[in-house]
Amino acid sequence: MKTPFNNIVQVLQLNRWVVLSVVIVSGLVCSVSIMVVAKIHQNGLDHAFMVNGEGEVIPLQWVDQRQHLEVEALAHLERFHRWFYGLDAGSFETHMEKALWLGNNSVAEVYQQKKADGFYNRLLQYSLVQKVEHIESKIKMEGANMTFQTRIVLQIHRGAVTDTYELVTSGHLLQVERNFPHNPHGLLITDFFENSLRKLEDYESPKE
């Protein structure tokens, strides 16, 4: 007795369903794999690990680097301008030494120009006191490039007489290695420039 052959149409239909099932399962596996890899990648971006002195691995949560860098930049500018412009006869040399750690030769050039103009000699001769009353900085970040503009309100005390001035400075910020305590924020002021200086007649200190 001859073995009956299966209907070729049925065989083709079965093969089609098998192939279709394999394709669907493969698609689902690929989709799940992509989702898992994406999740692992995101977790890798959100977390970092360090090894402490005892050899233990400690997870660290990352913060938004851009926001963190902007806060560091504002603190750096605050520190620099208070040291560079907050002066009196007894402290200006110490303040200048600290301020020059926070900028490149463009800051040193402004310092040398003021020195050549006799500003610091007048400070010593007349026992002037220059205080920084207010600092307001604006930072523009475009990738690794950071520019700033800072508005400073200065008060110069000549005995019983006090004059108030508004100074606007600008420049760039460059990321460098941290150097504690000289440069704890790891930023360097470049292209430093004093844009304008004007006397304020009726100045009221901003409320905290």
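Preceding this section is the structure that the text describes.
Residues numbered from 1 in each chain as written. Predicted model: local features only at pLDDT ≥ 70, side-chain atom pairs only at ≥ 80, totals over all residues. Heavy atoms only, no water.

Caption draft 1: Spatial organisation of the side chain of H81. By the secondary structure assignment, H81 is in helix α2 (residues 65-85). On the accessibility criterion, H81 (0% relative accessible area) is buried. Separated by 2.9 Å, the side chains of H81 and T169 make a polar contact. Setting aside its immediate chain neighbours within four residues, H81 contacts G86, V132, I135, F148, T150, I152, T169 and F192. (Helix = DSSP H or I, 4+ residues; strand = E, 2+ residues; numbered from the N terminus. Buried < 20%, exposed > 50% of the residue type's maximum accessible area, 1.4 Å probe, protein only. Polar contact = N/O pair within 3.5 Å; in protein donor to acceptor, adjacent residues only side chain to side chain. Contact = heavy atoms within 4.5 Å.)

Caption draft 2: Region of the structure containing the pattern of salt bridges. Tallying each qualifying case throughout the model produces 8 salt bridges. Between R178 and E72 there is a salt bridge whose closest N-O contact spans 2.9 Å. Of the two residues, R178 sits in the loop between β6 (161-175) and β7 (187-200) while E72 sits in helix α2, which places them 106 residues apart along the sequence. Note on R178: relative accessible area 52%, which makes it exposed. A relative accessible area of 12% places E72 in the buried class. (Salt bridge = Lys/Arg side-chain N within 4 Å of Asp/Glu carboxyl O.)

Caption draft 3: Focus on the pairing of strand β5 (residues 145-158). Here 13 bridges tie strand β4 (residues 129-142) to β5, and the two strands are oriented antiparallel to one another. In the strand pairing of β5, K140 is matched with T147. Where β4 folds back onto β5 in an antiparallel hairpin, the turn is made up of 2 residues, including G143, whose phi is positive at roughly 65 degrees. The pairing of β5 with β6 spans 13 bridges and is classified as antiparallel. Following the sheet pairing, T147 is matched in β6 by H172. Connecting β5 to the antiparallel partner β6 that follows it, the hairpin turn spans 2 residues, and G159 within it adopts a positive phi of roughly 65 degrees. (Pairing = 2+ DSSP bridges.)

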